[in-house]
Structures are given as structure tokens and as C-alpha cells.
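Listed below, chain by chain, are the residues.
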Amino acid sequence: MGYNFSQNEEVNVLASDANWAWPKAVHDIFQPRGINLLVAQDVGDFVDIIKRRRIHTAIVDMESERSNGLMTVKIIRMDYPLVPCILLSNESGEDILSKALRLNVFSVIDKPVDMGVLREQLNKLFMKRYDSHIFE
């Protein structure tokens, strides 16, 4: 059996403030599992939030209006190399995939985001990284 987060332990997912279905993701994926979805406006927010709270996964929007996704991951990696990252992208071409791989991004998901695919990738990430079945 996998690791179960204790009732006192917060499970935090940090994501870019993006123009996709965050309310649906919160309702369908995060809230039913008791997971906190924190939203960062820009790369500075990502770093500040990671500094203050334990973040189990960062979901970074490649085309965020306020910051470049790959640059955000690169900056996160400087001080927090172990925070797993999922990248959301309009185009997941070879160039993006190779850069994401070099930055040790767990997964690149095409936009518009399919909630089933996001949940599946989160499940794989939490199984691999935390031995947790929280997203099943």
C-alpha cells in the first residue's frame, strides 16, 4: 500500500494563474482529495510560495501571460531542484519537449488541458515520487 499523507500534513499543488479551467480542476481533481491548489501570478510568486510552504508539485503554464514557463521552471530548479513540475503547453513540439526534459520536467500536457490526462499524470507523479495513491 502506498504512502498516505497524514491528516495534519497539507498536500499542496502550486500552479500558474492561467486562463484555463482552474475552477473545474479544483472541483473535480483537488478538492475531493483535500489537496490545496495554490496559484502563482508570476515567477516571483512561485519562488515566494515554495519558500514558505511545502509544495508537492508545480504546474507551470508555458504560455502564461506574466512569465515564460520554461524560465519559471529553470528559476524553480535553481533553489528547489526536487520540486516536481508539470508543464502545460499549446505546442508540445520536439524543441519544447527537449528543453523540458533537460529541466527534468515530469510531464508536458497539451492545452486545452484534459482533466482526465492531468489527473492521470498527477497520479503517476505522486505514485513515483511519494508512493501515494491520492489521485487514483
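What counts, and at which threshold
Residues numbered from 1 in each chain as written. Predicted model: local features only at pLDDT ≥ 70, side-chain atom pairs only at ≥ 80, totals over all residues. Heavy atoms only, no water. Pairing = 2+ DSSP bridges. Helix = DSSP H or I, 4+ residues; strand = E, 2+ residues; numbered from the N terminus. Axes fitted to C-alpha atoms, helices over the stretch in contact; angles between N-to-C directions. Contact = heavy atoms within 4.5 Å. Buried < 20%, exposed > 50% of the residue type's maximum accessible area, 1.4 Å probe, protein only. Arc of directions from axis to C-beta. Phe/Tyr/Trp six-rings, centres within 6.5 Å; stacked < 30°, edge-to-face > 60°. Parallel < 35°, antiparallel > 145°, perpendicular 65-115°, else oblique. Left-handed = near helix turned anticlockwise from the far one by under 90°. Polar contact = N/O pair within 3.5 Å; in protein donor to acceptor, adjacent residues only side chain to side chain. pLDDT = per-residue confidence, 0-100. Core = buried A, V, L, I, M, F, W, Y, C linked by side-chain atoms within 4.5 Å.

A.B. asks: What am I meant to see in the sheet that holds strand 3 (residues 57-61) here?
C.D. replies: Backbone-to-backbone hydrogen bonds pair the strands of a sheet. The strands run either parallel or antiparallel. Read across the sheet, 5 strands follow the order 2-1-3-4-5 without closing on themselves; strand pairing throughout is parallel. At either margin of the open sheet sits one strand with a lone partner, and together these are strand 2 (36-40) and strand 5 (107-110). Between one strand axis and the next, the sheet turns by 20° as a mean value, whatever way the strands run. Sheet topology places strand 4 (residues 85-89) next to strand 5; 4 bridges connect them, and they run parallel. Bridge pairing links Ile 86 to Ser 107 in strand 5. Against the sheet, helix 3 (residues 69-79) makes contact with strand 3 and strand 4, and its axis sits at roughly 150° relative to strand 3, the strand it touches most.

A.B. asks: It is not clear to me how helix 1 (residues 22-30) should be interpreted in this structure. Could you clarify?
C.D. replies: Since the α-helix advances by 3.6 residues per turn, residues separated by three or four positions end up pointing in the same direction. All of the buried residues in helix 1 are Trp 22, Ala 25, Ile 29 and Phe 30. For helix 1, the angular spread of the buried residues around the axis is 65°, confining them to a single face. Relative to its buried face, helix 1 has exposed residues pointing more than 90 degrees away, namely Pro 23 and His 27.

A.B. asks: It is not clear to me how the packing of aromatic side chains should be interpreted in this structure. Could you clarify?
C.D. replies: Aromatic ring pairs are described here by two measures, namely the spacing of the ring centres and the angle between the planes. Across all of its chains, the model carries 3 aromatic pairs by this definition. Ring centres of Phe 126 and Tyr 130 lie 5.0 Å apart, and the angle between their planes is 45°; on these two criteria the pair is classed as tilted. Of this pair, Phe 126 and Tyr 130 both sit in helix 5 (residues 115-130), 4 residues apart, which is roughly one turn of that helix. Ring centres 4.9 Å apart and planes at 65° place the aromatic pair Phe 126 and Phe 135 in the edge-to-face group. Each of the two residues, Phe 126 as well as Phe 135, counts as buried. What links up through ring pairs into an aromatic cluster is the set Phe 30, Phe 126, Tyr 130 and Phe 135.

A.B. asks: Explanation requested: the packing of helix 1 against helix 5 in the structure shown.
C.D. replies: Relative placement of two packed helices is described by the angle separating their axes and the distance separating the axes. Where helix 1 contacts helix 5, the two axes come as close as 11 Å, and the packing angle between them is 50°. Of the possible angle classes, the one that applies to helix 1 and helix 5 is oblique. Crossing angle aside, the handedness with which helix 1 passes helix 5 is right-handed. In this structure, helix 1 uses Lys 24, Ala 25, Ile 29 and Phe 30 to contact helix 5, whose residues at the interface are Met 115, Leu 118, Arg 119 and Leu 122.

A.B. asks: When you look at helix 2 (residues 43-52) in this model, what are you seeing that I'm missing?
C.D. replies: The complete set of buried residues in helix 2 reads Phe 46, Val 47, Ile 49 and Ile 50. Two or three places before Gly 44, at the opening of helix 2, Asp 42 has a side-chain oxygen 3.1 Å from that residue's backbone nitrogen.

A.B. asks: I keep staring at the confidence of the model for the protein and nothing clicks. Help me out?
C.D. replies: Fine structural detail should not be taken from predicted coordinates in areas where pLDDT scores are low. In this model, the protein carries a mean pLDDT of 89, and residues with pLDDT of at least 70 account for 93%. By mean pLDDT, helix 1 is the weakest element of the protein at 83, and helix 5 is the strongest at 96.

A.B. asks: What am I meant to see in the nonpolar core here?
C.D. replies: Taken as a class, soluble globular proteins show a tendency for nonpolar side chains to be buried jointly. Counting 23 residues, the largest nonpolar core has Phe 30, Ile 59, Leu 118, Leu 122 and Phe 126 as its most contacted members. Among the elements of the structure, strand 1 (12-16), helix 1, strand 4 and helix 5 are those that each provide at least two residues to this core. Examining the composition of this core, we find that 6 residues originate from one element, helix 5, more than from any other. If sequence neighbours within four positions are ignored, Phe 30 has contacts with Val 13, Ala 25, Ile 35, Leu 37, Ile 59, Leu 122 and Phe 135. Counting 20 residues, the second largest nonpolar core, distinct from the first, contains Ile 76, Cys 85, Ala 100 and Val 105.

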